[in-house]
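# Geometric and topological summary
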Amino acid sequence: MRKKKMSQKTWGGRFKETIDEVVDRFNASLPFDQRLYAQDIEGSIAHCRMLGEQGIISKEEGSLIIDALGEIKREMERGDYAFDKGHEDIHTLVEKALIEKVGAVGEKLHTGRSRNDQVALDVRMFVKDAIHRVASLIKEMQGVLVILAEKHIDLIAPGYTHLQRAQPILLSHHLLAYYEMLKRDRQRFLESHKRVNIMPLGSAALAGSTFPLDREMVAKELGFEEISNNSMDAVSDRDFVLEFLFASAVLMMHLSRLGEEMVIWSSKEFDFVILPDAFCTGSSIMPQKKNPDVPELVRGKTGRVYGHLMALLTTMKGLPLTYNKDLQEDKEPLFDTVDTVEQCLMVMARVLKEVSFDKEVMRKAVDKGYLVATDLADYLVRKGMTFRKAHETAGKMVLHAIDQNKELGQLTLKEMKGFARQIEKDVYQWLEPSFCVTRRNIPGGTGPDMVRKSIVKAWEELGS
Ligand code: ARG
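These figures come from a predicted structure and were not determined experimentally.

### Regarding the overall build of the protein
Secondary structure assignment for the protein yields 19 helices and six strands. By the compact-globule yardstick of 23 Å for 464 residues, the protein is too spread out, its C-alpha radius of gyration being 31 Å. The principal-axis extents of the C-alpha atoms in the protein amount to approximately 100 × 50 × 40 Å. Out of the 464 residues belonging to the protein, those deemed buried represent 51%. Counted over contacts in the protein with a minimum sequence separation of 6, partners at least 24 positions apart contribute 76%. As presented, the protein carries roughly 23,000 Å² of accessible surface, and 53% of it is formed by carbon and sulfur atoms. Separation of charge centres in the protein, based on 66 positive and 69 negative side chains, amounts to 5 Å.

### Focus: the packing of aromatic side chains
All chains considered together, the criterion is met by nine aromatic pairs. Relative to Phe 15, the ring of Trp 11 lies with its centre 4.9 Å away and its plane at 55 degrees, an arrangement referred to as tilted. Arg 14 extends its terminal NZ or CZ atom over the ring of Phe 15, reaching a point 5.6 Å from the ring centre. It is Arg 35 that lies over the ring of Phe 335; its NZ or CZ is 5.0 Å from the centre.

### Let's talk about the site of the ligand
For the ligand, the full set of nearby residues is Ser 29, Asp 33, Asp 89, His 91, Arg 115, Asn 116, Val 119, Tyr 323, Gln 328 and Lys 331. With respect to the ligand, the side chain of Asp 89 contributes an N or O atom lying 3.0 Å from a nitrogen atom. Interatomic distance of 2.7 Å between a side-chain N/O atom of Gln 328 and a nitrogen atom of the ligand. At three residues, helix H6 (residues 115–151) tops the list of elements feeding residues into the shell around the ligand. When grouped by side-chain class, the residues that make up the shell around the ligand number two nonpolar, four polar and four charged.

### What to know about unusual backbone geometry
Here the amide bond leading from Leu 321 into Thr 322 is cis, since omega sits at 5 degrees, within 30 degrees of zero. Note that Thr 322 resides in the loop between helix H11 (293–316) and helix H12 (331–354). The phi angle at His 162 is positive, at roughly 55 degrees, despite the residue not being glycine. Position of His 162 relative to the elements: it lies in the loop between strand S1 (156–161) and strand S2 (164–170). A relative accessible area of 74% places His 162 in the exposed class. Positive phi, normally seen in glycine, also occurs at Asn 405, with a value near 55 degrees. Along the chain, Asn 405 falls in the loop between helix H15 (387–403) and helix H16 (413–417).

### Structural notes on the nonpolar core
One finds Phe 244 and Phe 357 to be the most contacted residues of the largest nonpolar core, which totals 98 residues. It is H6 that contributes the most residues to this core, 15 residues altogether. Every residue in contact with Phe 244, bar those within four places of it in the chain, is listed here: Val 127, Ala 130, Ile 131, Val 134, Phe 189, Leu 334, Thr 337 and Val 338. Ala 373, Tyr 379, Met 397 and Ala 420 belong to the second-largest nonpolar core, a separate cluster that totals 22 residues.

### Some details on the pairing of S2
For a regular strand, the rule is simple: side chains alternate between the two faces of the sheet. Taken together, the six bridges between S1 and S2 define a ladder with antiparallel strand orientation. Each residue of the ladder has a partner; that of Pro 158, found in S2, is Pro 168. Joining the antiparallel neighbours S1 and S2 is a turn of two residues, in which His 162 adopts a positive phi near 55 degrees.

### A closer look at the packing of H11 against H12
Two elements in contact, H11 and H12, have axes separated by 10 Å at closest approach and are oriented at 160 degrees. Between H11 and H12, the angle is such that the two are roughly antiparallel. Between H11 and H12 lies a crossing of left-handed hand. Listed contacts from H12 to Val 294, Pro 295, Val 298, Lys 301, Arg 304, Val 305 and His 308 of H11 are Pro 333, Asp 336, Thr 337, Thr 340, Gln 343, Cys 344, Val 347, Met 348 and Val 351. Taken together, the residues of the contact of H11 with H12 sort by class into nine nonpolar, four polar and three charged.

### Here's the deal with the side chain of Thr 446
The topology assignment puts Thr 446 in the loop between helix H18 (433–438) and helix H19 (448–462). A polar contact is formed between the side chain of Thr 446 and the backbone nitrogen of Leu 170, at a distance of 2.9 Å. Every residue in contact with Thr 446, bar those within four places of it in the chain, is listed here: Pro 168, Ile 169, Leu 170, His 173, Val 437, Arg 440 and Val 451.

### Some thoughts on helix H14 (residues 373–382)
What H14 keeps buried is the set Ala 373, Asp 375, Leu 376, Ala 377, Tyr 379 and Leu 380. Those residues of H14 that are buried lie in contact with H15, helix H17 (427–430) and H18. Downstream of H14 by a residue or two, Gly 384 has a phi angle that is positive, lying close to 110 degrees.

### Brief notes about H15
Over its 17 residues, H15 runs 24 Å from end to end, which matches the ideal 24 Å to within 8%, given 1.5 Å per residue. Taken from the residues just after H15, Asn 405 is the one with a positive phi, measuring 55 degrees.

### Quick word on the confidence of the model for the protein
Looking at the protein, the pLDDT average stands at 95 and 98% of residues meet or exceed 70. Counted against residues more than four places away or in other chains, residues 1–6, with its pLDDT under 50, gives 17 contacts.

### Side note on the packing of helix H10 (residues 239–265) against H12
The geometry of a pair of packed helices is captured by two quantities: the angle between their axes and the separation between those axes. Where H10 contacts H12, the axes come no closer than 10 Å and their chain directions differ by 30 degrees. When the axes of H10 and H12 are compared, the pair comes out roughly parallel. The two elements H10 and H12 cross, and the hand of that crossing is left-handed. Residues Val 241, Phe 244, Leu 245, Ser 248, Leu 251, Met 252, Leu 255, Leu 258, Gly 259 and Met 262 of H10 lie in contact with H12, whose contacting residues are Pro 333, Leu 334, Thr 337, Val 338, Thr 340, Val 341, Cys 344, Leu 345, Met 348 and Leu 352. Among the residues forming the contact of H10 with H12, the class breakdown is 16 nonpolar, four polar and no charged.

### Details of the pattern of salt bridges
The full count for this structure, using the stated rule, is 33 salt bridges. One salt bridge in this structure joins Glu 221 and Arg 49, with 2.3 Å as the shortest N-O distance. A residue pair is termed long-range when its members are at least 10 positions apart, and Glu 221 in helix H8 (residues 215–221) and Arg 49 in helix H3 (residues 37–53) qualify at 172 residues. On the accessibility criterion, Arg 49 (35% relative accessible area) is partly exposed. With a shortest N-O distance of 2.7 Å, Lys 101 and Glu 75 are connected by a salt bridge. Of this pair, Lys 101 sits in helix H5 (residues 90–102) while Glu 75 sits in helix H4 (residues 59–78); the two residues are 26 residues apart in sequence, bridging distant segments of the chain.

Definitions and limits used
- Residues numbered from 1 in each chain as written.
- Predicted model: local features only at pLDDT ≥ 70, side-chain atom pairs only at ≥ 80, totals over all residues.
- Heavy atoms only, no water.
- Helix = DSSP H or I, 4+ residues; strand = E, 2+ residues; numbered from the N terminus.
- Rg over C-alpha atoms; globule rule 2.2 N^0.38 Å.
- Buried < 20%, exposed > 50% of the residue type's maximum accessible area, 1.4 Å probe, protein only.
- Contact = heavy atoms within 4.5 Å.
- Areas by Shrake-Rupley, 256 points an atom, 1.4 Å probe, with all protein chains shown as cover.
- Lys, Arg positive; Asp, Glu negative; His and termini not counted.
- Charge placed at Lys NZ, Arg CZ, Asp CG, Glu CD.
- Phe/Tyr/Trp six-rings, centres within 6.5 Å; stacked < 30°, edge-to-face > 60°.
- Lys NZ or Arg CZ within 6 Å of the ring centre and 35° of its normal.
- Near = heavy atom within 4 Å.
- Polar contact = N/O pair within 3.5 Å; in protein donor to acceptor, adjacent residues only side chain to side chain.
- Nonpolar A, V, L, I, M, F, W, Y, C, P; charged D, E, K, R; others polar.
- Core = buried A, V, L, I, M, F, W, Y, C linked by side-chain atoms within 4.5 Å.
- Pairing = 2+ DSSP bridges.
- Axes fitted to C-alpha atoms, helices over the stretch in contact; angles between N-to-C directions.
- Parallel < 35°, antiparallel > 145°, perpendicular 65-115°, else oblique.
- Left-handed = near helix turned anticlockwise from the far one by under 90°.
- Expected span 1.5 Å × (residues − 1).
- pLDDT = per-residue confidence, 0-100.
- Salt bridge = Lys/Arg side-chain N within 4 Å of Asp/Glu carboxyl O.

Right, here's the structure in full:
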């Protein structure tokens, strides 16, 4: 354990006084940016190797520094490193730890580099990793949805608009709607990767470096596709973080809608879905309660992710070029967003794996509420009516059925003929929900053939 306090700042030269204690704490980012230690050290190792290759430091000095940095990284990985609160941020801490290990030679590491490009690098490396982790969690959840859709392929459910029963659908079609949303979410993350994959080191503070740095070499070593084109942009831009936050906000919005459906569908009012006990909690006072905390929390956490996006947008909006300390405020929203999104994806996938649906209740819901009225109108069109006329006639028949306290399929042929002479016995088949679904065998529709095709396509897309 290292406990030695190193109060001397890396920038202490032009200062007569030591920093105010409260300001020191206020200014420090170490409590949260210590999370970037691995990226910071990997970046430093690449920078150092390049300094050696370019003859800016000697090869021997380079390997001394690189070995010590590796050691520091291992100490931090083991978790037995006391992140000394006296340090301003992870960058100064690593540098000081290095100097402590190897002495004055360690002071050469920062040649041709600034914390401004260093922090931009670290955050970019962090976001690149996060994109891949989140994308694979999204993919897992897509897989869970497809399995669920396959399992319930025969289940007919009421489809809603305005939360009013609208038309019969296959439950699988409903579930696969979320598959599509997640597919776009995953694309959004992965497409943003190319804009994150740009290496800023070598921008130095803002104007580029006077040393003959081989920026391409550093980029290659760290697995970046390109180097940044403008040093001023490279140190002051955080739109790659904003893109990540935006993609996360949209993803959370989708998870929240699914969460909301789980909440209302598990209520007594709907009773469509049974959430497993292991994912619910009880009430401290009402013994009968089984609360859908997980989907509620996912819905709730969406708010904080939106908040993080707004927070950083607002932080950025008036900043003059180039680096401003305001930019330090990018990290906490980013870290919390990554953690929240990962947690929500994991927990929602677990819940979805275990949910069961009440076929009977759903079927009853389909049978009541005139969900087949559109099909009645379509039937009348087939019998020669214009669609507007057919819509009006079917509407009148619904009104009549409501008065009679019947569903459309319970009206007699005589009653129906009173509204339109063209109606024949074959109308009853048109009013059967399973046929309503089957008739919608149009690409993108809820017809079973189409839904089956979507499932096959989904498996192809998921690469399984
Ligand atoms: N802790 C700072 C941040 O997170 C690092 C960069 C500081 N640069 C500076 N010139 N003070 O943004």
